[in-house]
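These are the residues of each chain, in order.
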Amino acid sequence: MLNEQTASKATVPAETVAAQTVAGETAAAETTTGTAPGPKPGHDWSLDEIITLYRQPLNDLLQQAHAVHRRNFDPNRIQLSTLLNIKSGGCPEDCAYCPQSVRYNTGLENESLMSCEQVLEAARRARDSGASRFCMGAAWRGPKDRDLDQVVAMVAGVKQLGLETCVTLGMLKAGQAERLQQAGLDYYNHNLDTSEEFYSQVITTRSYQDRLDTLQQVRAAGINVCCGGIIGMGESATDRAALLQTLANLPQQPESVPINTLVKVSGTPLDAQDDTDPLELVRTVACARILMPKAYVRLSAGRTDMSDSTQALCFFAGANSIFYGEKLLTTDNPQFNKDQSLFERLGLTPDTDNTSGDTAAAQSG
Ligand code: SAM
Ligand code: DTB
Ligand code: SF4
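Residues numbered from 1 in each chain as written. Chains lettered and ligands numbered in written order. Predicted model: local features only at pLDDT ≥ 70, side-chain atom pairs only at ≥ 80, totals over all residues. Heavy atoms only, no water.

### A closer look at the packing of helix α9 (residues 278–291) against helix α10 (residues 308–317)
Two measures define how a pair of helices packs: the angle their axes make with one another and the distance between the axes.
Thinking step 1. Close contact between α9 and α10 brings their axes to 8 Å; oriented N to C, the two are set at 20°. When the interaxial angle is binned, α9 and α10 end up roughly parallel. Considering the relative orientation of α9 and α10, their crossing is right-handed. In this structure, α9 contributes P278, L279, L281, V282, V285, A286 and R289 to the contact, and α10 contributes T310, L313, C314 and A317.
Thinking step 2. Across the contact of α9 with α10, the residue classes break down as 9 nonpolar, 1 polar and 1 charged. (Axes fitted to C-alpha atoms, helices over the stretch in contact; angles between N-to-C directions. Helix = DSSP H or I, 4+ residues; strand = E, 2+ residues; numbered from the N terminus. Parallel < 35°, antiparallel > 145°, perpendicular 65-115°, else oblique. Left-handed = near helix turned anticlockwise from the far one by under 90°. Contact = heavy atoms within 4.5 Å. Nonpolar A, V, L, I, M, F, W, Y, C, P; charged D, E, K, R; others polar.)

### Considering unusual backbone geometry
Thinking step 1. The backbone of D193 shows a phi angle near 75°, a positive value even though the residue is not glycine.
Thinking step 2. With respect to the element layout, D193 can be found in the loop between β8 (187–189) and α6 (196–199).
Thinking step 3. Using a relative accessible area of 2% as the deciding quantity, one classes D193 as buried. (Buried < 20%, exposed > 50% of the residue type's maximum accessible area, 1.4 Å probe, protein only.)

### Description of the site of ligand 3
Thinking step 1. As a structural note, the neighbourhood of ligand 3 is formed by C91, E93, C95, Y97, C98, S101, A139, W140 and R206.
Thinking step 2. Considered class by class, the residues forming the shell around ligand 3 number 6 nonpolar, 1 polar and 2 charged. (Near = heavy atom within 4 Å.)

### Observations concerning helix α4 (residues 145–160)
Thinking step 1. With 16 residues, α4 extends 23 Å between its outermost C-alpha atoms, agreeing within 8% with the 22 Å of an ideal straight helix rising 1.5 Å per residue.
Thinking step 2. Among all positions in α4, only D147, L148, V151, V152, M154, V155, G157 and V158 are buried.
Thinking step 3. For α4, the elements touching its buried residues are β5 (77–87), α3 (116–129), β6 (133–138), β7 (164–168) and α5 (176–183).
Thinking step 4. The positive-phi residue at the C-terminal boundary of α4 is G162, with phi of around 90°. (Expected span 1.5 Å × (residues − 1).)

### Section: the pattern of salt bridges
Thinking step 1. The full count for this structure, using the stated rule, is 18 salt bridges.
Thinking step 2. Among the salt bridges present, the one from E235 reaches R240, with a minimum N-O distance of 2.9 Å. Take E235 and R240: they sit in the same class, and that class is buried.
Thinking step 3. K338 is the salt-bridge partner of D308, the closest N and O atoms lying 3.7 Å from each other. Here K338 lies in helix α11 (residues 336–346) and D308 lies in helix α10, a separation of 30 residues in the sequence. (Salt bridge = Lys/Arg side-chain N within 4 Å of Asp/Glu carboxyl O.)

### Quick notes on the site of ligand 1
Thinking step 1. Near ligand 1 there are 16 residues, and of these Y97, T168, N191, D193 and V263 occur at the shortest range.
Thinking step 2. In the complex, 91% of the free accessible area of ligand 1, which totals 560 Å², lies under the protein chains.
Thinking step 3. Along the lines of polarity and charge, the residues of the shell around ligand 1 split into 8 nonpolar, 6 polar and 2 charged. (Areas by Shrake-Rupley, 256 points an atom, 1.4 Å probe, with all protein chains shown as cover.)

### So, the packing of helix α2 (residues 58–72) against α10
Thinking step 1. Two elements in contact, α2 and α10, have axes separated by 7 Å at closest approach and are oriented at 60°. Between α2 and α10, the angle is such that the two are oblique. From α2, L62, A65, H66 and H69 reach across to α10, where they touch L313, F315, F316 and A317.
Thinking step 2. Here the contact of α2 with α10 is built from residues that sort into 6 nonpolar, 2 polar and no charged.

### Let's talk about the side chain of T331
Thinking step 1. By secondary structure assignment, the location of T331 is in the loop between β13 (321–323) and α11.
Thinking step 2. Residues contacting T331, with those up to four places away along its chain left out, are V263 and V265.

### With respect to the confidence of the model for the chain
Thinking step 1. On average, residues of the chain score 88 in pLDDT, and 85% of them are at 70 or above.
Thinking step 2. This stretch, residues 1–33, has a pLDDT under 50; its non-local contacts, to residues over four places away or in other chains, come to 82 contacts.
Thinking step 3. The low-confidence segment residues 357–365 (pLDDT under 50) makes 19 contacts with residues lying over four places distant or belonging to another chain. (pLDDT = per-residue confidence, 0-100.)

### A closer look at the packing of aromatic side chains
Thinking step 1. Throughout the structure, instances matching the rule amount to 4 aromatic pairs.
Thinking step 2. Consider the rings of Y199 and Y208, whose centres lie 5.2 Å apart with planes at 80°: the pair is edge-to-face. Each member of the pair, Y199 as well as Y208, is classed as buried.
Thinking step 3. Ring plane angle 75° and centroid distance 5.0 Å describe the contact between Y324 and F336, whose orientation is recorded as edge-to-face. (Phe/Tyr/Trp six-rings, centres within 6.5 Å; stacked < 30°, edge-to-face > 60°.)

### Describing the environment of I231
Thinking step 1. Tracing the chain through its elements places I231 in strand β10 (residues 229–231).
Thinking step 2. Assessed through its relative accessible area of 3%, I231 is described here as buried.
Thinking step 3. Measuring from C-alpha to C-alpha, the distance between I231 and D193 comes to 8.2 Å, with 38 residues separating the pair along the chain.
Thinking step 4. Other than its neighbours up to four places away in sequence, I231 contacts R240, I259, N260, T261, L262, T276, E280, L281 and T284.

### Considering the pairing of β7
Thinking step 1. Counting buried residues in β7 gives 5 out of 5 residues, a clear majority hidden from the surface.
Thinking step 2. Burial along β7 is two-sided: the face carrying E164, C166 and T168 and the face carrying T165 and V167 are both buried.
Thinking step 3. Here β6 runs beside β7; their pairing, made up of 5 bridges, is parallel. Across the sheet, residue C135 finds its bridge partner in β7, namely C166.
Thinking step 4. Read from β6 through α4 to β7, the crossover connection turns out right-handed.
Thinking step 5. Of the pairings in the sheet, the one linking β7 to β8 comprises 2 bridges and is parallel in character. Across the sheet, residue C166 finds its bridge partner in β8, namely Y187.
Thinking step 6. For the handedness criterion, the β-α-β arrangement of β7, α5 and β8 is classed as right-handed. (Pairing = 2+ DSSP bridges. Right-handed = clockwise from strand over helix to strand, strands pointing away.)

In structure tokens form, the structure reads like this:
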């Protein structure tokens, strides 16, 4: 396991990494320092390469990540997604971080699936507040076909409001992704959460392969993939590197990569975890940006307890999307005015354009 100590000393003087191609991007010549590998072609990152990238001196990592970011995105624009928990609590799964598992006593009220009208009302509010994507989450192991009938109607309705649509419903059975695609679904969120090695310490009721299978079904149905993980669950830096390796080496990289910081909810098995070093988050975001240059990297759960400076560093490192709105699924997210003030102070402009068509087309496989 990689020692948590990062920023190992650079043993090689400044050198130029020649123009190379990363996941379809044509890279300009970059000046970088240290021993970390520069941009490389294809999707065959080894774990050692990613660990070297992750551990290099922070200034070198940030410089490299920001250069990749600038080549692929306007660095001063940010994509805003709003979340709605359309079915809250009572989930049979045992994800150790999750306040919605029926196995943990978190005081959360279980609620049945919201009506389509309630969902559309929330979507209108999100659109009017400036969000461009509306993400609906359900505390299910996976949707039953009769549940899916209702979600299909919600997706179609939200799409008609001019918003991009995203759902996260758990594992999908054969044919379900196609139904969602036909309803106009743009993104399906399904996280790997952590490395395959660490996974069994967090979840036992579904396997890593189950998750990869659902991602494959989503991809095969022509829906954009939103897939990322959580940091701060007691995993090592090697686990974070391994998660990024799995994501970056998928046959087609995800269009959207949420990086969540654990929200410690009282009553869950992970409620007493040590706080995450914010610089480990920054390193994770920077590596995600370098490995998946075309993806929207979302600074997801955990922003309520994050300083403005940490968020600013994450945006510099390549994060270009957030959840916007005062609630995530069951926990708090920053207040609207706090985020608006942050955007102003950082000179960030919310993306109003829908991105789904562009990103799907931009992926090189
Ligand atoms: N039930 C579905 C599933 O698990 O796929 C969808 C909803 S689930 C809540 C979506 C994701 O939210 C999880 O995979 C996890 O990455 C993230 N998440 C849940 N609880 C969290 C917490 N306490 N802190 C950070 N991220 C969390
Ligand atoms: C994702 O990666 N993070 C979001 C979304 N996808 C569904 C969920 C965060 C949940 C945080 C805990 C809660 O609010 O319940
Ligand atoms: Fe259920 Fe999803 Fe929470 Fe796991 S993360 S317990 S599957 S709602």
